[in-house]
Amino acid sequence: MKILRDKKAIAIFLLPAFIVYSLIVMTPIIVSIYSSLLDWNGIGKKTFIGLNNYIKLIGDNVFKQAFVNNILYIIIVMILQLGFGFTTAILLTYLKKGRGFIQTVYYIPSVITVIAISQLFTGFYSYEPMGLFNIFRKLLGLKPIAFLSEYKTVLWAVASVEGWQYIGIYMIIFYSALVSVSPDILEAARIDGASELQILFNIRIPAISNVIMLSCILSLVGALRGFAAPMNMTKGGPNHRSEILATYMYKKAFTSRDYGYGSAIAVVIVILSIIGVLLISKYMDNESE
């Protein structure tokens, strides 16, 4: 195992992965930064305009709306994915039978394409003809709601689709981490009189803090990459109420043919991702201390 202590050997093994990563990830980011400084329709002549695209973003009301929507979108998605995923994982640790069946059922949506899930939920949300959710509301004596047309509900309805779809992935991640906690420690805590809630918050959660941090980062970045569900279900409407940065970027770059402006929005998404990852890492490091 001496080779693992040799920094040169480590660098040699990491180099191929670093080159591939740079080509696939870093190169598009650098190109986007460069393109954001141009007035360009993606095909014709490129005109360097410096930070003008970013200055235009500041005065763009649709961008501001998309930015706020994206923050709410991230919050909704993360609460669903991490909250329900963690709760389900905790309950599974106490289940004796049928655990594999439940894990499979929860995991199935995550392997289905987002477009198919979006079409499914579009039917569920339907106002006319009445979809599944409105049928339930009618049975409860409540009035039907046009989930995808109402200003107050459309963003929640769209974000819930992505949040629900990937609950199973985080359930598996959290469950695998929870069962890796030493049963001897848990048993000793129970013998000492600790309740299950005390064991959860004082032993289990601190023991898997690194996994929780990783899951938060994955969920955050995944929510920022959200595109297919809102684009397929509402195309950002009505009146941009479900517009997020990714859908607005697509419209500006490929529909309006303002590639430089779309690239500026892409750079903002990258910056938000970096800030979010740093904040989560810093918070989790402080908690572990």
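Preceding this section is the structure that the text describes.
In short, a report on the structure. (Residues numbered from 1 in each chain as written. Predicted model: local features only at pLDDT ≥ 70, side-chain atom pairs only at ≥ 80, totals over all residues. Heavy atoms only, no water.)

### Looking at the packing of helix α3 (residues 61–94) against helix α10 (residues 196–207)
Link 1 in the chain: α10 packs onto α3 with a crossing angle of 115° between their chain directions and a minimal axis gap of 13 Å. Comparing the axis directions of α3 and α10 gives the class roughly perpendicular. Judged by the twist between their axes, the crossing of α3 over α10 is right-handed. Taken together, the residues of α10 that come into contact with α3 (itself represented by F86, I90, T93 and Y94) are E196, L200, R204 and I205.
Link 2 in the chain: Of the residues that constitute the contact of α3 with α10, the class distribution is 5 nonpolar, 1 polar and 2 charged. (Axes fitted to C-alpha atoms, helices over the stretch in contact; angles between N-to-C directions. Helix = DSSP H or I, 4+ residues; strand = E, 2+ residues; numbered from the N terminus. Parallel < 35°, antiparallel > 145°, perpendicular 65-115°, else oblique. Left-handed = near helix turned anticlockwise from the far one by under 90°. Contact = heavy atoms within 4.5 Å. Nonpolar A, V, L, I, M, F, W, Y, C, P; charged D, E, K, R; others polar.)

### Quick word on the side chain of N69
Link 1 in the chain: Within the element layout of this structure, N69 appears in helix α3.
Link 2 in the chain: On the accessibility criterion, N69 (3% relative accessible area) is buried.
Link 3 in the chain: Beyond its immediate chain neighbours, meaning those up to four positions away, N69 contacts L155, H240, R241, S242, E243 and I244. (Buried < 20%, exposed > 50% of the residue type's maximum accessible area, 1.4 Å probe, protein only.)

### Description of the pattern of salt bridges
Link 1 in the chain: Under the defined criterion, the tally for this structure stands at 3 salt bridges.
Link 2 in the chain: Of the charged contacts in the structure, one is a salt bridge between K251 and E243, with a shortest N-O distance of 2.9 Å. Each member of the pair, K251 as well as E243, carries the same accessibility label: buried. (Salt bridge = Lys/Arg side-chain N within 4 Å of Asp/Glu carboxyl O.)

### Describing the nonpolar core
Soluble globular proteins tend to bury their nonpolar side chains together.
Link 1 in the chain: Judged by nonpolar contacts, the single largest core of 57 residues is most densely connected at Y73, Y125 and L245.
Link 2 in the chain: Leave out the neighbours within four places in its chain, and Y73 touches L155, V158, A159, E162, A223, G226, A229, P230 and I244. (Core = buried A, V, L, I, M, F, W, Y, C linked by side-chain atoms within 4.5 Å.)

### Thoughts on the environment of F86
Link 1 in the chain: Note on placement: F86 falls in helix α3.
Link 2 in the chain: Taking the C-alpha atoms as reference points, F86 and M171, 85 residues apart in sequence, are found 5.8 Å from one another.
Link 3 in the chain: Setting aside chain neighbours within four positions, we find F86 in contact with F174, L200, I205 and I208.

### As for the packing of α3 against helix α11 (residues 209–224)
Link 1 in the chain: Viewed as axis vectors pointing N to C, α3 and α11 meet at an angle of 135°, and their least axial separation amounts to 9 Å. Taken together, α3 and α11 sit at an angle that is classed as oblique. Handedness of the crossing formed by α3 with α11: right-handed. For the pair α3 and α11, contact is made by N70, Y73, I74, V77, M78, Q81 and L82 and by S215, C216, S219, L220, A223 and L224, respectively.
Link 2 in the chain: When grouped by side-chain class, the residues that make up the contact of α3 with α11 number 9 nonpolar, 4 polar and no charged.

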